[in-house]
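Fold and contact review
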Amino acid sequence: MTKLLGIAVAAGLLAAAAPNPVPRLFALGVVSTRDYERDAALTPDGRTVYFTKRTMWSYFSAICVSHLKNGAWSEPEVAPFSGRYRDATPFVTPDGAHLYFASLRPVDGAPRRDYDLWVVDRVPSGWSEPRHLDAPVNGPGNQLSPSLTRGGALYFVSDADGPHVMRSSPQGSGWLPPTMAGDSNQAGTAEVGAVVDPGERFLVVTVVGRADALHSAEGIYPRTDLYVRERQGDGWSALRHLAAPINSAADDGSPALSPDGKSLLFTSERGGLTEHGPSLTFGALEDLLHRPGNGLGDIYIVDLGALGLLP
């Protein structure tokens, strides 16, 4: 049953007349496992998914890939351009010709302490060698979470100004200086991830530190939640918080859109060990620790209509 669910998701078959507001685990047991997974990115045909698999401390992460073959998702492999350095937040362009991602890999042989954006190009043998995006896209601090519109505009998160979602237009073989997408952050908040609709109708943004975010009973530390900005003329609306069950008391972030435009994929740390229920026996604890929902990241999918965004 879980493999059939993954197949239907990849083929865009789960969008119903009445949107299902309940997030479902994506590719349960293959992509979403007891490990930490985040940052899903589907190819235009929906038959290949790139995602980040991450350790806990010291937070090494690699971009992995799984393919839909003979009605089931294949065992993931590390993507050919990843596995040596800390890589994250893959994004496949709407035409499938490029894959953008963030990496801590060296630039011109010099080690990096913050993330920059890189791109690989589709070639007959698979993907090209990664290319570093030059200034003014890459600059001081971290650049993460790239996504592109059909018109070629690049959206990403930069902590040089916030951090905040930024937008840059293509110019020749490079990019124009980025501008802020939306209003400035509230004091004490940060935008740490985002994805743009290919038609630039809306942004789904990961934000930490807002008062309207959901929290666990303990309130140990601020958790990220998902928000929406919608296009208003030449600008953007204020951030709108997405209610439960899309957001939870745990971390929710890493938004992505399915290629058919009908689903939102995101990462959540929700589960029996972050949203507390009755006291656990040892057997129940062992069971929770060794499957998805154990408080590490899992990838979920939900109908985009549940966000009130489809026309």
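Values in this document were obtained by computation on a predicted structure and should not be read as measured data.

About the cut-offs
- Residues numbered from 1 in each chain as written.
- Predicted model: local features only at pLDDT ≥ 70, side-chain atom pairs only at ≥ 80, totals over all residues.
- Heavy atoms only, no water.
- Phe/Tyr/Trp six-rings, centres within 6.5 Å; stacked < 30°, edge-to-face > 60°.
- Helix = DSSP H or I, 4+ residues; strand = E, 2+ residues; numbered from the N terminus.
- Buried < 20%, exposed > 50% of the residue type's maximum accessible area, 1.4 Å probe, protein only.
- Lys NZ or Arg CZ within 6 Å of the ring centre and 35° of its normal.
- Salt bridge = Lys/Arg side-chain N within 4 Å of Asp/Glu carboxyl O.
- Pairing = 2+ DSSP bridges.

**Re the packing of aromatic side chains**
With the rule as written, the count across this model stands at five aromatic pairs. Between the aromatic rings of Y50 and W127, the centroid separation amounts to 6.2 Å while the plane-to-plane angle is 75°, which identifies the pairing as edge-to-face. In this pair, Y50 sits in strand β3 (residues 48-54) while W127 sits in strand β10 (residues 126-127), placing the two residues 77 residues apart along the sequence. Exposure remark for W127: the relative accessible area of 12% places this residue in the buried category. An angle of 85° between the planes, with centres 6.3 Å apart, marks the rings of Y155 and W236 as edge-to-face. Taken as a pair, Y155 in strand β13 (residues 154-158) and W236 in strand β21 (residues 235-236) lie far apart in primary sequence, 81 residues in all. Of the two residues, Y155 and W236, both sit in the buried class. Over the ring of Y36 we find R54; its NZ or CZ atom is 4.1 Å from the centre of that ring.

**So, the pattern of salt bridges**
Evaluated as defined, the whole model comprises 17 salt bridges. Residue R229 pairs with D183 through a salt bridge whose shortest N-O separation is 3.2 Å. With a gap of 46 residues between them, R229 in strand β20 (residues 224-232) and D183 in the loop between β17 (179-180) and β18 (190-196) connect regions that are remote in the sequence. The partner of E191 in a salt bridge is R229, and the shortest N-O contact between them spans 2.6 Å. Pair noted here: E191 is in strand β18 and R229 is in strand β20, with a separation of 38 residues, a long-range link. The pair E191 / R229 is uniform in exposure class, with both members buried. It is possible to trace a salt-bridge network through shared partners that takes in D35, E37 and K53.

**Notes on the sheet that holds β17**
Spatially, the four strands line up as an open sheet ordered β12-β13-β14-β17, and their pairing is antiparallel. Since the sheet does not close on itself, it has two edges, and those belong to β12 (143-148) and β17, each with one partner. Examined bridge by bridge, strand β14 (residues 164-168) and β17 share two bridges and lie antiparallel to one another. For M166, the partnering residue across the bridge sits in β17 and is M180.

**Comments concerning unusual backbone geometry**
Residue P136 is bonded to the preceding A135 through a cis peptide linkage, with omega at 10°. The omega torsion of the bond from A244 to P245 falls at 15°, within 30 degrees of zero and hence cis. By the secondary structure assignment, P245 is in the loop between β22 (240-241) and β23 (252-257). At D39, a position not held by glycine, the phi torsion is positive, near 65°. Summarising the element assignment, D39 is placed in strand β2 (residues 36-42). In this model, T89 sits at a positive phi of 45°, which is unusual for a non-glycine residue. With respect to the secondary-structure elements, T89 resides in strand β7 (residues 87-92).

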